[in-house]
Amino acid sequence: MTEALDRQATQAATAARFPSVRGRRLRRTQALRDMVRETTLSPKDFIYPLFVVPGRGVRVPIDPMPGQAQLSIDHVLEEAAEAHGLGIPAVLLFGIPSHKDAAGAGAYDAGGVIQEAVAALKSQLPELAVVTDVCLCEYTDHGHCGVLLDDGTVDNDATLPLLAKIAVSHAAAGADIVAPSAMMDGQVAALRGGLDAAGFADTAIMAYASKVASAFYGPFRVAAGSSPRSGDRRSYQMDGANGREAVRELAQDAAEGADILMVKPALAYLDVLKEARERFGLPLAAYNTSGEYAMLKAAAANGWLDGDAAMLEVLTSIKRAGADLIITYFAKEAARALRG
Ligand code: PBG
Ligand code: ZN
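What comes next concerns the included structure.

**Here's the deal with the overall build of the protein**
Broken down by element type, the protein carries 12 helices and 12 strands. Taking 340 residues into account, the globule formula puts the C-alpha radius of gyration at 20 Å, and the protein, at 21 Å, falls close to it. Considered along the principal axes of its C-alpha atoms, the protein spans approximately 70 × 40 × 40 Å. The buried share of the protein, taken over its 340 residues, is 51%. Pairs at least 24 residues apart make up 73% of the contacts formed inside the protein by residues separated by at least 6 positions. When the accessible area of the protein is evaluated, it comes to approximately 15700 Å², of which 53% is carbon and sulfur surface. Taken as two groups, the 33 positive and 41 negative side-chain charges of the protein have centres that lie 11 Å from each other.

So, in structure tokens, the structure goes:
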């Protein structure tokens, strides 16, 4: 496919040259530019992340993520309805529990904040797809994504049944898609097994497959209060320097039964996204993370760049690189900007 394209490009370049070839001809008017535009963004491409907190009438702005807030379920319903009205097909929910403990038990509590939010969304907005993040870091007092041992390591295999339990509780509440983000080996297989055994064979899995230990999650951890109390996540999240390993992680999650593969973060990993597109037939998602959002917002707020134009350029680049779906805090703004 790419070879054929290369050959075509070479032939075109040798058959004709300037002045008979002029790239500017098709850039002359908006109509001509629109006709030859290769990548188009649509609100249908977006998944809108929301942070759910207990209570009613709660809306706490998240400082490093201007325009985003921690929301109680009543506000989650409003935000979700607005997103749905703009043509956005899905939300991704993160829970901030009232109480954190060593085991992260709040994560699979049937009456937990996410489980209640999912049920409310599915009853009020049944056509909106609900995706849930499956991890422990928002629920553990130590802030790690799995079971923390005394020596400071995170126990992979002891974490797997807990992740499966969380996913089953989300599916029982009505989640359409569960998204494991802990970067434990075998997490997709553990979720698939747990879901199937509990009668949720139709609940889909969007796997955070290539997820790097990245500086671009900083604002999220402020929002979710999920920074590790000690150490960091480098023993489970990937080293961002590794492109071949990223492909192995993607292949592993596809083999374990993922329905959608995700690359995260997006911008610093567009090469991984492009390679994923070429190698895998599964639907592909990219996570335009909190730090990617924050840096554009900060520059725009300072008047250093045109925020709307930069937003659309960035989202288009993620789509062009190969993403079918973009998880982005810009979802509503971008949907509005696309409407014109
Ligand atoms: C939880 C999780 C994180 C993000 C999504 N799920 C944070 C982390 O791994 O520390 C990051 C999302 C963002 O930065 O927007 N495991
Ligand atoms: Zn986590």
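**Comments concerning the site of ligand 1**
Taken together, 19 residues form the shell around ligand 1, and within it Lys211, Arg221, Lys264, Ser290 and Tyr329 come nearest. Between ligand 1 and serine 181 there is a distance of 3.1 Å, counted from a nitrogen atom to a side-chain nitrogen or oxygen. At the level of elements, β9 (204–211) and α7 (218–224) are the ones that each hand at least two residues to the shell around ligand 1.

**As for helix α5 (residues 156–173)**
The end-to-end C-alpha distance of α5 is 26 Å, a good match for the 26 Å that 18 residues give at a rise of 1.5 Å each. Turning to α5, its buried residues are Asn156, Thr159, Leu160, Leu162, Leu163, Ala164, Ile166, Ala167, Ser169, His170, Ala171 and Ala173. Those residues of α5 that are buried lie in contact with α4 (113–124), β5 (129–134), β6 (147–148), β7 (154–155), β8 (177–180) and α6 (187–197). Immediately downstream of α5, the backbone of glycine 174 shows phi near 115°, a positive value.

Parameters at a glance
Residues numbered from 1 in each chain as written. Chains lettered and ligands numbered in written order. Predicted model: local features only at pLDDT ≥ 70, side-chain atom pairs only at ≥ 80, totals over all residues. Heavy atoms only, no water. Helix = DSSP H or I, 4+ residues; strand = E, 2+ residues; numbered from the N terminus. Rg over C-alpha atoms; globule rule 2.2 N^0.38 Å. Buried < 20%, exposed > 50% of the residue type's maximum accessible area, 1.4 Å probe, protein only. Contact = heavy atoms within 4.5 Å. Areas by Shrake-Rupley, 256 points an atom, 1.4 Å probe, with all protein chains shown as cover. Lys, Arg positive; Asp, Glu negative; His and termini not counted. Charge placed at Lys NZ, Arg CZ, Asp CG, Glu CD. Near = heavy atom within 4 Å. Polar contact = N/O pair within 3.5 Å; in protein donor to acceptor, adjacent residues only side chain to side chain. Expected span 1.5 Å × (residues − 1).

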